[in-house]
Amino acid sequence: MKKTTVTLADGRELIYFDSGASPGREAPDTRPLDRASGRPDLRRDVATGDWITIASHRQDRTYHPPAGECPLCPSRDGRLSEIPAADYEVAVFENRFPSLAGEAGRCEVVCFTPDHEARFADLTPDAARLVLDAWTDRTAELSALRGVEQVYCFENRGAEIGVTLPHPHGQIYAFPFVTPRTAKMTAAAAAHRAATGRNLFEDLLADARAATERVVTAGEHWTAFVPYAARWPYEVHLYPHRRVADLTGLDEAERAEFPRIYLDLLRRFDRLFAPPGGPEGTVPAPYVSAWHQAPRTGGEELALHLELFTIRRTPDRLKFLAGTESGTEAFVNDVAPETAARRLREAAV
């Protein structure tokens, strides 16, 4: 992997990740941009202890631009974008409209491919591996920043999820605090260790592999399964068989197998809602795909894993968070986890 780092016109950092030679990556950003001035305000909700980010400057961020004005496409034919080069493989840059910045963390955008019309599921295994390498690099770099407690790599796909830029991309948040869901997992893992002497996530993986009706697919080094108490209609957790804290802990065999397993999962999600005999992706699944990694503080018991879920429950119905879920975080799932796993197994090629 080759890294090339350049500075954008407003001082933000951009990093190209390439599998080989990469001519033109040093192309300068000639846009007349002012230095970013918006800064988030972190406030503690004293009733729950949760941190809330106030980022009012994000109201001005780019919103559903025409394809010809996509800021994530390469700069070509006289049109300048966030990517100054005329081509790239994977590009990562500081978000122009960040939720976290300065002493309050950092937000980065990860462009998976220069192809505006592609999906992550369209990537070759080699291209998906390069994205994994970029995630790993950024996890290592961001974790080392002063004040960063947790690094969270994720992709939102689909307008139904709230995506405002359709170009295939994800984001990385470097939080200056431990997020609420991670804090819950940390507490649960500590309680499980105290009660059993074992690691919670190793037991979760072992239970899922034993209860084969919830396994979607598995390889030599990874298993994808629907959790016993899934919150979303179709929710899959992907674990390496060897417990590691974060992406930097994966070995070469685990990295080599990941693209095949992950691309297979994404393609199953896109086949879920296609009509019988119809083309793949006729009703594409909007999804969130997110890496859960151990935080800097108190994460000794946590295990790296990826959570992939869609809010679509049928071809024409979405799962909206109702009053109980939005107001109390008490989820109700309309699809039995065992049924979801069966349907995902049936969605294999």
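Notes on the structure follow.

Analysis parameters
- Residues numbered from 1 in each chain as written.
- Predicted model: local features only at pLDDT ≥ 70, side-chain atom pairs only at ≥ 80, totals over all residues.
- Heavy atoms only, no water.
- Helix = DSSP H or I, 4+ residues; strand = E, 2+ residues; numbered from the N terminus.
- Contact = heavy atoms within 4.5 Å.
- Areas by Shrake-Rupley, 256 points an atom, 1.4 Å probe, with all protein chains shown as cover.
- Lys, Arg positive; Asp, Glu negative; His and termini not counted.
- Charge placed at Lys NZ, Arg CZ, Asp CG, Glu CD.
- Pairing = 2+ DSSP bridges.
- Axes fitted to C-alpha atoms, helices over the stretch in contact; angles between N-to-C directions.
- 1 Å grid on protein atoms, 1.4 Å probe; cavity = no way out; pocket = protein on both sides within 12 Å on 5 of 7 lines; lining within 4 Å.
- Points joined across faces, edges and corners; volume = space filled by probe spheres on them.
- Nonpolar A, V, L, I, M, F, W, Y, C, P; charged D, E, K, R; others polar.
- Parallel < 35°, antiparallel > 145°, perpendicular 65-115°, else oblique.
- Left-handed = near helix turned anticlockwise from the far one by under 90°.
- Expected span 1.5 Å × (residues − 1).
- Buried < 20%, exposed > 50% of the residue type's maximum accessible area, 1.4 Å probe, protein only.
- Arc of directions from axis to C-beta.

Further remarks concern the overall build of the protein. Of regular secondary structure, the protein possesses six helices and 15 strands. Considering only C-alpha atoms, the protein reaches an extent of 55 × 55 × 45 Å along its principal axes. Considering only contacts in the protein between residues 6 or more positions apart, those separated by 24 or more positions represent 62%. As presented, the protein carries roughly 16000 Å² of accessible surface, and 52% of it is formed by carbon and sulfur atoms. Counting 42 positive and 51 negative side-chain charges, the protein places the centres of these two groups 2 Å from one another.

Our focus in this paragraph is the sheet that holds strand β9 (residues 215-218). In space, the 11 strands of this open sheet follow the order β1-β2-β5-β6-β8-β7-β12-β13-β11-β10-β9, with antiparallel pairing throughout. Edge strands, defined here as strands with exactly one partner in the open sheet, are β1 (2-7) and β9. Recorded for the sheet is a direction-independent mean angle of 20° between the axes of neighbouring strands. Examined bridge by bridge, strand β10 (residues 222-225) and strand β11 (residues 234-240) share four bridges and lie antiparallel to one another. Bridge pairing in β11 places Phe225 opposite His237.

Applying the stated criterion across every chain yields a total of one cavity of 30 Å³ or more. A volume near 30 Å³ is recorded for the largest cavity. Surrounding the largest cavity, Phe120, Trp135, Cys153, Phe154, Glu155, Tyr262, Ser289 and Trp291 form its lining. Taken together, the elements giving at least two residues each to the lining of the largest cavity come down to β7 (150-157) and β12 (287-292). Partitioned by chemical class, the residues of the lining of the largest cavity number six nonpolar, one polar and one charged.

A separate point is the layout of surface pockets. Approximately 340 Å³ is the volume attributed to the second largest pocket. For the second largest pocket, the lining is made up of 20 residues, of which Arg119, Arg157, Gly158, Ala159 and Pro166 are closest to its centre. Ranked by the residues each element gives to the lining of the second largest pocket, the list is headed by β7, at three residues. Of the residues that constitute the lining of the second largest pocket, the class distribution is 10 nonpolar, five polar and five charged.

What follows concerns unusual backbone geometry. Even without glycine at this site, His64 takes up a positive phi of about 45°. Here His64 shows up in the loop between β4 (51-54) and β5 (90-94). Positioned with a positive phi, Glu329 is a non-glycine residue whose angle comes to about 60°. With respect to the helices and strands, the residue Glu329 is situated in the loop between α5 (323-328) and α6 (337-346).

Here we come to the packing of helix α1 (residues 125-143) against helix α4 (residues 252-272). One can describe the packing of α1 onto α4 by two numbers: an axis separation of 9 Å at closest approach and a directional angle of 120°. Taken together, α1 and α4 sit at an angle that is classed as oblique. Classified by chirality, the crossing of α4 by α1 is right-handed. Here Pro125, Ala128, Arg129, Leu132, Asp133, Trp135 and Thr136 of α1 lie close against α4, whose contacting residues are Glu252, Arg255, Ala256, Phe258, Pro259, Tyr262 and Leu263. Grouping the amino acids of the contact of α1 with α4 by side-chain chemistry returns nine nonpolar, one polar and four charged.

Look at helix α2 (residues 180-196): 24 Å from first C-alpha to last across 17 residues, which is about the 24 Å you get at 1.5 Å a residue. When α2 is considered as a whole, its buried residues turn out to be Thr182, Met185, Thr186, Ala189 and His192. Mapping the buried residues of α2 onto a view down its axis gives an arc of 130°, with all of them on the same face. Seen from the open side of α2, the exposed residues pointing more than 90 degrees away from its buried face are Lys184, Ala194 and Ala195. Once α2 ends, the next one or two residues include Gly197, with phi positive near 80°.

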